[in-house]
Amino acid sequence: MTQIARELPGSTELHSILQQIGHVQQQISDGERAQDVDNSISVFNNFGSKKFPQAIIIGVKKGGTRALLEFLRIHPDVRAVGAEPHFFDRFYDKGLEWYRNLMPRTLDGQITMEKTPSYFVTKEAPRRVFGMSRHTKLIVVVRDPVTRAVSDYTQTLSKNPGLPTFQNLVFKNSSRGLIDTSWSAVRIGIYAKHLENWLQFFPLSRLLFVSGERLVTDPAGEMGRVQDFLGLKRVITDKHFYFNQTKGFPCLKKPEGSSRPRCLGKSKGRPHPHIPAEVLLRLRDFYRPFNLKFYQMTGQDFGWD
Ligand SMILES: Nc1ncnc2c1ncn2[C@@H]1O[C@H](COP(=O)(O)OS(=O)(=O)O)[C@@H](OP(=O)(O)O)[C@H]1O
């Protein structure tokens, strides 16, 4: 990069240099590879500007939101915050300027993005996002709510091995077979209810629903839809993915800022504990009417039933 800086580029080269700078800044802001970048890079830090995100991945928890964001970051016209900012749920009182400051710098034509999956189920989030900009594009990665619940439980169990069993938590104490909707692992999967809140502020056309299942079986196909929705050139294609047999998931041949193939970390794609089939069936029955409503609202059949 220092060499590029010394060579005084012509205007035609400037754009591609600025893009490279953007990528290096991304690495720095992610704090992932700061040690690989020498100090001279600081001279570039004022290129571009920090903007509010024009698109946010608002949900759902355990839907595949990290995979989607990492895949999107390959796109030269996408810049994203690495960590989840949790602004519209936890840190709203810090103010919009605090939020904007978290964003990476972008050049004209680049899209700023972030992902915080808990926004989808936060009652106040739609009004707050609307208050920032009514033009914000919203992406929701949805996954079969039964598998999502088990994935959510698996995550909590990994942090707290003494957790009661899934079947102990999923049913209300008082009566057999009644699903406990106060348990967040269950409540998050009632997608139709949460979507209603968002539709009070945003038209359906501002939302894109990505299938968490297809993101695994056909990542390039799903990324095509996402790029179209964001008004981006279709740069991310099947050439960018390979299926890693050991991981059991698609991985990136060349992730953003690296030339080596990379899969998501160990916390993504964890084995789930065995849950008795009748428990899962009962939960599937519970979700069916909500799923159907969700299919009607979105005009998409996700095939979970
Ligand atoms: N390519 C790829 N690699 C690894 N994992 C993938 C991938 N695509 C989707 N998934 C699924 O993503 C699930 C985790 O979802 P999130 O990233 O939304 O989780 S979180 O809410 O941010 O914790 C994670 O859930 P679990 O399988 O339960 O771990 C995965 O099934």
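Residues numbered from 1 in each chain as written. Predicted model: local features only at pLDDT ≥ 70, side-chain atom pairs only at ≥ 80, totals over all residues. Heavy atoms only, no water.

Undergrad: Teacher, can you tell me more about the packing of helix 3 (residues 65-72) against helix 11 (residues 219-229) here?
TA: Two numbers describe a pair of packed helices, the interaxial angle and the distance between the axes. Contact geometry for helix 3 and helix 11: axes closest at 11 Å, N-to-C directions at 75 degrees. As far as their axial angle goes, helix 11 and helix 3 are roughly perpendicular. Facing helix 3, whose interface residues are Leu-68, Phe-71 and Leu-72, helix 11 presents Pro-219, Met-223 and Val-226. Of the residues belonging to the contact of helix 3 with helix 11, the class tally is six nonpolar, no polar and no charged. (Axes fitted to C-alpha atoms, helices over the stretch in contact; angles between N-to-C directions. Helix = DSSP H or I, 4+ residues; strand = E, 2+ residues; numbered from the N terminus. Parallel < 35°, antiparallel > 145°, perpendicular 65-115°, else oblique. Contact = heavy atoms within 4.5 Å. Nonpolar A, V, L, I, M, F, W, Y, C, P; charged D, E, K, R; others polar.)

Undergrad: Can you help me understand the site of the ligand in this one?
TA: Contacts to the ligand come from 24 residues, most closely from Thr-65, Lys-115, Ser-151, Gly-269 and His-272. Lys-115 is positioned with one of its side-chain polar atoms (N or O) 2.7 Å from an oxygen atom of the ligand. Arg-270 places a polar main-chain atom, nitrogen or oxygen, 3.0 Å from an oxygen atom of the ligand. Contact with the protein chains hides 95% of the accessible area of the ligand, taken as 650 Å² for the molecule alone. Looking at the shell around the ligand, the elements with two or more residues in it are helix 3, helix 6 (145-159) and strand 9 (249-252). When residues in the shell around the ligand are grouped by element, the largest group, four residues, is from helix 3. Here the residues of the shell around the ligand sort into eight nonpolar, eight polar and eight charged. (Near = heavy atom within 4 Å. Polar contact = N/O pair within 3.5 Å; in protein donor to acceptor, adjacent residues only side chain to side chain. Areas by Shrake-Rupley, 256 points an atom, 1.4 Å probe, with all protein chains shown as cover.)

Undergrad: I tried to follow the pairing of strand 9 on my own but got confused; where do I start?
TA: The side chains of a regular strand alternate, first on one face of the sheet and then on the other. Pairing analysis gives four bridges linking strand 8 (residues 241-244) to strand 9, with the strands arranged antiparallel. Bridge pairing in strand 9 links Tyr-242 to Cys-251. Turn length for the strand 8-strand 9 hairpin, with the two strands adjacent in sequence and antiparallel, is four residues, and the turn residue Gly-248 shows positive phi of about 80 degrees. (Pairing = 2+ DSSP bridges.)

Undergrad: I tried to follow the pairing of strand 2 (residues 55-59) on my own but got confused; where do I start?
TA: The buried count for strand 2 comes to five of five residues, which makes it a mostly enclosed element. Here strand 2 runs beside strand 5 (residues 111-115); their pairing, made up of three bridges, is parallel. The partner of Ala-55 across the bridge, within strand 5, is Met-113. Where strand 2 meets strand 6 (residues 137-142), four bridges bridge the pair, whose relative direction is parallel. Residue pairing across strands places Ile-56 opposite Leu-138, the latter belonging to strand 6. (Buried < 20%, exposed > 50% of the residue type's maximum accessible area, 1.4 Å probe, protein only.)

Undergrad: Help me understand the UniProt feature "binding site: 3'-phosphoadenylyl sulfate" (unreviewed entry) in the protein chain, please; the structure alone is not making it clear to me.
TA: UniProt records the feature "binding site: 3'-phosphoadenylyl sulfate" (unreviewed entry) for Lys-62, Gly-63, Gly-64, Thr-65, Arg-66, Arg-143, Ser-151, Lys-268, Gly-269, Arg-270, Pro-271 and His-272 in the present numbering. Here Lys-62 is to be found in the loop between strand 2 and helix 3. A residue is classified by how much of its surface remains accessible, and Lys-62, at 14% relative accessible area, is buried. Excluding residues within four positions of it along the chain, Lys-62 makes contact with Arg-143, Arg-148, Ser-151, Asp-152, Gln-155, Ser-267, Lys-268 and Arg-270. (UniProt positions renumbered as here; feature names shortened; annotations may be inferred.)

Undergrad: Honestly, the packing of aromatic side chains in this entry has me stumped. Any pointers?
TA: The relation between two aromatic rings is expressed through the spacing of the ring centres and the mutual angle of the planes. Applying the stated criterion across every chain, the model contains 26 aromatic pairs. Plain terms: the ring middles of Phe-71 and Phe-241 are 4.8 Å apart, the flat faces sit at 75 degrees to each other, and that makes the pair edge-to-face. In this pair, Phe-71 is assigned in helix 3 and Phe-241 in strand 8, connecting sequence segments 170 residues apart. The residues Phe-71 and Phe-241 share a single accessibility class, namely buried. Relative to Trp-304, the ring of Tyr-191 has its centre 5.6 Å away and its plane inclined at 65 degrees; by these criteria the two rings are edge-to-face. Here Tyr-191 is found in helix 9 (residues 191-199), whereas its partner Trp-304 is found in the segment after helix 12 (277-298), with 113 residues between them in sequence. There is no split in this pair, since Tyr-191 and Trp-304 are both buried. In this structure an aromatic cluster arises from ring pairing among Phe-52, Phe-87, Phe-88, Phe-91, Tyr-92, Trp-98, Tyr-99 and Tyr-119. Directly above the ring of Phe-52 sits Arg-100, whose terminal nitrogen or CZ lies 5.7 Å from the centroid. The lysine or arginine in question, Lys-137, covers the ring of Phe-229, its NZ or CZ lying 5.6 Å from the ring centre. (Phe/Tyr/Trp six-rings, centres within 6.5 Å; stacked < 30°, edge-to-face > 60°. Lys NZ or Arg CZ within 6 Å of the ring centre and 35° of its normal.)

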